[in-house]
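# Overview (structure and organization)
The residues making up each chain are set out below.
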Amino acid sequence: TDGKPQDINIYPSLIKSAARLTYEQAQSVLDNTEEAADLPEHIRKLIVRLNRASGCIRKERQGRGCLELELPEAKVLVDEENRPVTIVRRDRIAAHKLIEDLMIAANESVASYLLVKSTPGMFRIHEPPKAEKLKPLKKWSKRLGIKFDWKRADEPATLGNFVAQLQEHDPAGVVQMLLLQSLPQARYSPENEGHFGLGSEAYLHFTSPIRRYPDLLVHRALWQMWKKKGPIEDLEDHARNTSSKERRAVSAERDVTQLM
């Protein structure tokens, strides 16, 4: 009920999917709509239980001061010849947040596990913002009537409180985007330095090895430990390379959206 893991146990395993749902199908269960009736009862009950767990995890994370920016995403709709027709806003629904909460909890658990086992891995670190970078936000907070202790801006809980107030005063996300641009970019590192944006003492990417190389490196680090083969070599080089490639990919995605 406190949103914290009671026990962390990591071992070689295979996942057997009980069902493969779209986010919309899961959302239909949370909203208790007619579409939910098409799903088996035990699946519906599982989604409801997971949603309760998700809520506890999110409440604990909010309590320690994570930054929950609600920035609109653009979704480009194309015709049969892949020509852009229109751009709509892609909103996050509760089912998205459910999966996000569970994934963050899993990632933090693996990070903690590696630290306890003194096993080198690939951590995801996010440093606190520098005071001068946040100066442009002062006039916006005053204009919006938001009180904020700028002397404590390097504390996740303080900045998290500011973001929570922004949700009510900045529906278009303009100031939130300005805040995002004021923060250091998260990056990969073999050394754990915590994750400011999540208010996390230790974080990494573990849950998407099929599409993200840092996740695969974490899986390999675990296998090396289980097989007693020693740590992965060249982690520093891997960290620089994956951080660089990530920024390149984000830039390419942004350019394509802008082109559309």
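Our subject is the structure listed above.
The present account deals with the structure reproduced in this document.

What counts, and at which threshold
Residues numbered from 1 in each chain as written. Predicted model: local features only at pLDDT ≥ 70, side-chain atom pairs only at ≥ 80, totals over all residues. Heavy atoms only, no water. Helix = DSSP H or I, 4+ residues; strand = E, 2+ residues; numbered from the N terminus. Rg over C-alpha atoms; globule rule 2.2 N^0.38 Å. Contact = heavy atoms within 4.5 Å. Areas by Shrake-Rupley, 256 points an atom, 1.4 Å probe, with all protein chains shown as cover. Lys, Arg positive; Asp, Glu negative; His and termini not counted. Charge placed at Lys NZ, Arg CZ, Asp CG, Glu CD. Core = buried A, V, L, I, M, F, W, Y, C linked by side-chain atoms within 4.5 Å. Buried < 20%, exposed > 50% of the residue type's maximum accessible area, 1.4 Å probe, protein only. Phe/Tyr/Trp six-rings, centres within 6.5 Å; stacked < 30°, edge-to-face > 60°. Lys NZ or Arg CZ within 6 Å of the ring centre and 35° of its normal. Polar contact = N/O pair within 3.5 Å; in protein donor to acceptor, adjacent residues only side chain to side chain. Axes fitted to C-alpha atoms, helices over the stretch in contact; angles between N-to-C directions. Parallel < 35°, antiparallel > 145°, perpendicular 65-115°, else oblique. Nonpolar A, V, L, I, M, F, W, Y, C, P; charged D, E, K, R; others polar.

Along its length, the protein chain carries eight helices and four strands. Ordering the α and β elements of the protein chain from the N terminus gives α-α-β-β-α-β-α-α-α-β-α-α. In summary, the protein chain has a C-alpha radius of gyration of 20 Å against a globular reference of 18 Å for 260 residues, a match within 12%. The principal-axis extent of the C-alpha atoms belonging to the protein chain is close to 60 × 50 × 45 Å. Contacts spanning at least 24 positions in sequence make up 68% of the contacts within the protein chain whose residues lie at least 6 apart. When the accessible surface of the protein chain is split by element, carbon and sulfur atoms take 51% of a total near 16,900 Å². If the 41 positive side-chain charges of the protein chain are averaged to one point and the 37 negative ones to another, these points end up 3 Å apart.

This part is about the nonpolar core. Val110, Met122, Leu204, Phe206, Val218 and Leu222 are the most contacted members of the largest nonpolar core, which has 20 residues in total. Looking at which element gives the most residues to this core, the answer is helix H7 (residues 213–226), with five residues. Those residues within four positions of Val110 in sequence are excluded, and the remaining contacts are Ile10, Leu204, Phe206, Val218 and Leu222. Grouped together as the second largest cluster of nonpolar side chains are 16 residues, Leu67, Leu134, Phe148 and Ala153 included.

Once that is clear, we can look at the packing of aromatic side chains. Under the criterion given, the structure shown has one aromatic pair. Above the face of the Tyr188 ring, Arg124 is positioned so that its terminal group lies 4.6 Å from the ring centre. Of note, Arg143 hangs over the ring of Trp140, and the distance from its end group to the ring centre comes to 4.8 Å.

Moving on, we come to the environment of Met122. In this structure, Met122 sits in the loop between helix H3 (94–116) and strand E3 (123–125). Relative accessible area serves as the criterion here: at 1%, Met122 is assigned to the buried category. A sequence separation of 53 residues divides Met122 from Val175, and the C-alpha atoms of the two residues are 32 Å apart. Residues contacting Met122, with those up to four places away along its chain left out, are Tyr188, Ser189, Pro190, Leu204, Pro214, Leu217, Val218, Leu235, His238 and Ala239.

Bringing the side chain of Asn107 into the picture now. Within the secondary structure, Asn107 is located in helix H3. Asn107 gets classed as buried once you look at its relative accessible area, which sits at 2%. A distance of 3.1 Å separates a polar side-chain atom of Asn107 from the backbone nitrogen of Phe206. A polar atom in the side chain of Asn107 sits 3.5 Å from the backbone nitrogen of Thr207. Filtering out sequence-adjacent residues up to four positions away, Asn107 remains in contact with Tyr203, Leu204, His205, Phe206 and Thr207.

So, about the packing of helix H5 (residues 156–169) against helix H6 (residues 174–182). With their axes 9 Å apart at the nearest point, H5 and H6 run at an angle of 155° to one another. Considering the angle they form, H5 stands roughly antiparallel to H6. Two secondary-structure elements touch here, H5 through Leu159, Phe162, Val163, Leu166 and Gln167 and H6 through Val175, Gln176 and Leu179. Class assignment for the residues of the contact of H5 with H6 results in six nonpolar, two polar and no charged.

Attention now goes to unusual backbone geometry. Unusually for a residue other than glycine, Asn82 sits at a positive phi of about 60°. Its place among the elements puts Asn82 in the loop between strand E1 (73–78) and strand E2 (84–90). Using a relative accessible area of 56% as the deciding quantity, one classes Asn82 as exposed. Positioned with a positive phi, Lys228 is a non-glycine residue whose angle comes to about 55°. On the secondary structure map, Lys228 appears in the loop between H7 and helix H8 (235–259). Exposure remark for Lys228: the relative accessible area of 76% places this residue in the exposed category.

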